[in-house]
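# Summary of the model geometry
Read off the chains here:
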Amino acid sequence: MVMQKEILKRYFELHDKPTLKFIAEDTRIQITRIFRILNGHEMRVSEYEKFELAIRRKLQEKEKDLHGIDGKLLELAKVCGKELSSQHLRDIASFMNRKLKIKLILKQTN
């Protein structure tokens, strides 16, 4: 049951409040079976594998999105480095550092 709770936790971290219907379509598991799993019934190995596959797909999607964002962010940073004053660049760096600190604090509290 520990593995089941862990995989469900990972799945719900990647999806913002998914409905039973969404989970069933995403994992290709019957909706009634999803309902039972979420209410404590043990997963079968095939269901565990389907959740793992759905998690991997979502992580790959996020990775593709990040690469697109990373490229745009790097390009924007280059332009800013050329066009903005050193004070503005320090302000941007300070802002980014604050955001990272907040993220780390929130992770530690959860």
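Cut-offs applied
- Residues numbered from 1 in each chain as written.
- Predicted model: local features only at pLDDT ≥ 70, side-chain atom pairs only at ≥ 80, totals over all residues.
- Heavy atoms only, no water.
- Helix = DSSP H or I, 4+ residues; strand = E, 2+ residues; numbered from the N terminus.
- Buried < 20%, exposed > 50% of the residue type's maximum accessible area, 1.4 Å probe, protein only.
- Phe/Tyr/Trp six-rings, centres within 6.5 Å; stacked < 30°, edge-to-face > 60°.

### Overview of unusual backbone geometry
Of note, Lys 17 is a non-glycine position whose phi angle comes to about 50°, a positive value. Looking at the element boundaries, Lys 17 is found in the loop between α1 (2–14) and α2 (20–27). Taking the relative accessible area as the measure of exposure, Lys 17 reaches 74% and is therefore exposed. The phi dihedral of Arg 28 falls on the positive side, at around 60°, and the residue is not glycine. Along the polypeptide, Arg 28 turns up in the loop between α2 and α3 (31–38). The exposure class assigned to Arg 28 is exposed, which follows from its relative accessible area of 60%.

### Describing α2
Listed as buried for α2 are Ile 23, Ala 24, Asp 26 and Thr 27. Remark: Arg 28 follows α2 within two positions and exhibits a positive phi of approximately 60°.

### Remarks on the packing of aromatic side chains
All told, the structure shown has two aromatic pairs when counted by the stated rule. Between Tyr 11 and Phe 12, the ring centres sit 6.0 Å apart and the planes meet at 85°, which makes this aromatic pair edge-to-face. Taking relative accessible area as the criterion, Phe 12 reaches 34% and is therefore assigned partly exposed. Ring centres of Tyr 11 and Phe 51 lie 5.3 Å apart, and the angle between their planes is 85°; on these two criteria the pair is classed as edge-to-face. Linking Tyr 11 in helix α1 with Phe 51 in helix α4 (residues 45–83), this pair joins segments that are 40 residues apart in sequence. The class of Tyr 11 is buried, set by a relative accessible area of 0%. Residue classification places Phe 51 among the buried positions, given a relative accessible area of 0%. A network of ring pairs unites the aromatic residues Tyr 11, Phe 12 and Phe 51 as a single cluster.

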